[in-house]
Amino acid sequence: MSVIHEYIRSTKKFPHLWCPGCGYGVGLSALVRAIDSLGYSRNDVILISGIGCAARAPVYVDFNTLHTTHGRALSFATGIKLVKPHLHVIVIMGDGDALAIGGNHFIHSCRRNIDLTAIVFNNRIYGMTGGQCSPTTPKGDRATTAPYDNFDTSFDICNLAVGAGASFVARGTTYYAKQTERFIKMALAHKGFSVVEVISQCPTIYGRLNKMGGPVEMLKWQRDNAIPLEKVRQRWSDSTDPAGDLGGKILTGIFVNRETSEFVSEYYAMVARLNGSRKNGEAKT
Ligand SMILES: Cc1ncc(C[n+]2csc(CCOP(=O)(O)OP(=O)(O)O)c2C)c(N)n1
């Protein structure tokens, strides 16, 4: 029996709602294996999600789980982490949930560097609601709300997270699932706001609209188009390749991994300081 079977709520919550060939099960398995390999007690883990196909992930696994409103998973997670700082608080979001309706919460969680792990399953579209453009739909691609091609420029989730102050940021794919698992494990062990973007195939909607073939072809596309960040950095430093012109390729790897002040520790340090000053009869605030 695989590790995954020890954690799934197979008798209560199956069949799951993901379409055949969806990559989200691969992303969820990578997360479960990462948690298991860190030896966390499942009672100390809480998975929180908003709304969308990605946001269904916590429902299928036997941890503490919370399914919240669209785009607000990080707010719920922030409250829980502040009240129960010993918990490993993990937030699973889709690209629309995290970057569209939840975009503001996302950037400010990065800025706070609060000790949460955000896993963003990116299928480049709104899957659950029928294939509308999301902020990560690539320019020139089709969506149900872009029948003549999308002319918006897409967000780069990882660079956005780095710029906003997240202290661990990585991108993996469902094709390179072991690599993704490794990134998630590092993110979980990291103290601070950690983000792992997981590029996933959505053969039923995004793939069909963009004539990318079935799940196997979409996975092969990932295999052939994922470029390790180190290679590009090398090219940039050689200055032979114009920066930014990646021709639709996906950069994978660790974008940032830094130690910097963390919100919950600072908050409790301040509480202790203020309580101390009260006891000593000093100013109350
Ligand atoms: C306040 C609110 N607005 C809109 C919706 C409708 N809605 C449900 S899921 C979703 C988009 C989900 O997209 P994404 O986060 O990319 O997840 P996916 O389904 O692709 O995994 C939207 C707009 C909602 N549930 N609540």
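Residues numbered from 1 in each chain as written. Predicted model: local features only at pLDDT ≥ 70, side-chain atom pairs only at ≥ 80, totals over all residues. Heavy atoms only, no water.

In the annotation of an unreviewed UniProt entry, the entry for the protein reads 2-oxoacid:ferredoxin oxidoreductase subunit beta, and the organism field reads Abyssobacteria bacterium.

So, about the sheet that holds strand S5 (residues 168–173). Here 8 strands make up an open sheet; going across it, the order is S2-S1-S3-S4-S6-S5-S8-S7 and the pairing mixed. The open sheet has two edge strands with one neighbour each: strand S2 (64–67) and strand S7 (226–228). The average undirected angle you get between the axes of adjacent strands in this sheet is 20 degrees. Pairing of strand S1 (residues 45–49) with strand S3 (residues 88–94) involves 5 bridges; the strand directions are parallel. (Pairing = 2+ DSSP bridges. Helix = DSSP H or I, 4+ residues; strand = E, 2+ residues; numbered from the N terminus. Axes fitted to C-alpha atoms, helices over the stretch in contact; angles between N-to-C directions.)

Put simply, Phe-14 and Pro-15 share a cis peptide bond, and its omega is 5 degrees. Following the sequence through the fold, Pro-15 ends up in the loop between helix H1 (3–7) and helix H2 (24–38). Here Asn-113, not a glycine, exhibits a phi torsion of approximately 50 degrees, which is positive. Note on placement: Asn-113 falls in the loop between helix H5 (103–112) and strand S4 (117–122). Despite not being glycine, Lys-211 shows a phi value in the positive range, around 50 degrees.

What follows deals with the side chain of Asn-150. Following the sequence through the fold, Asn-150 ends up in the loop between S4 and helix H6 (157–164). Within the structure, the side chain of Asn-150 is placed 2.9 Å from the backbone oxygen of Thr-137, a separation counted as a polar contact. Looking at Asn-150, its side chain comes within polar contact range of the main-chain oxygen of Pro-138, at 3.2 Å. Non-local contacts of Asn-150, meaning those with residues more than four positions away in its chain, are made with Cys-133, Thr-137, Pro-138, Lys-139, Gly-140 and Asp-141. (Polar contact = N/O pair within 3.5 Å; in protein donor to acceptor, adjacent residues only side chain to side chain. Contact = heavy atoms within 4.5 Å.)

In the vicinity of the ligand, 17 residues are found, and the nearest of them are Tyr-24, Cys-53, Gly-96, Asp-97 and Gly-127. Within the backbone of Cys-53, an N or O atom sits 2.7 Å from an oxygen atom of the ligand. About the coverage of the ligand: the protein hides 72% of its 590 Å² of free accessible area. Assessed atom by atom at 2 Å from the grid points, the ligand resides in the second largest pocket. Ranked by residues supplied to the shell around the ligand, first place goes to helix H4 (residues 95–101) with 4 residues. Looking at the shell around the ligand residue by residue, the class counts come to 8 nonpolar, 7 polar and 2 charged. (Near = heavy atom within 4 Å. Areas by Shrake-Rupley, 256 points an atom, 1.4 Å probe, with all protein chains shown as cover. 1 Å grid on protein atoms, 1.4 Å probe; cavity = no way out; pocket = protein on both sides within 12 Å on 5 of 7 lines; lining within 4 Å. Sits in = over half its atoms within 2 Å of the grid points. Nonpolar A, V, L, I, M, F, W, Y, C, P; charged D, E, K, R; others polar.)

Among all positions of H5, only Gly-103, Phe-106, Ser-109 and Cys-110 are buried. Each buried residue of H5 sits inside an arc of 130 degrees when the element is viewed along its axis, so together they form one side. Backbone geometry just after H5 places Asn-113 at a positive phi near 50 degrees. (Buried < 20%, exposed > 50% of the residue type's maximum accessible area, 1.4 Å probe, protein only. Arc of directions from axis to C-beta.)

Let us look at empty space enclosed by the protein. A complete count under the given rule lists 1 cavity of 30 Å³ or more for this structure. Looking at the largest cavity, its volume works out to about 80 Å³. If you go around the largest cavity, the residues you meet are Asn-123, Arg-124, Ile-199, Ser-200, Gln-201, Tyr-206, Met-212, Met-218, Trp-221 and Gln-222. Considering every element that reaches the lining of the largest cavity, the biggest residue donor is helix H9 (residues 215–225), with 3 residues. Each residue belonging to the lining of the largest cavity can be placed in one class, and the counts come to 5 nonpolar, 4 polar and 1 charged. (Points joined across faces, edges and corners; volume = space filled by probe spheres on them.)

The geometry of helix H3 (residues 73–83) relative to H5 is characterised by a closest axis approach of 9 Å and an angle of 35 degrees between their N-to-C directions. In this structure, H3 crosses over H5, and the sense of that crossing is left-handed. Here H3 contributes Leu-74, Ser-75 and Thr-78 to the contact with H5, which in turn contributes His-105, Phe-106, Ser-109 and Arg-112. Residue composition of the contact of H3 with H5, grouped by class: 2 nonpolar, 4 polar and 1 charged. (Left-handed = near helix turned anticlockwise from the far one by under 90°.)

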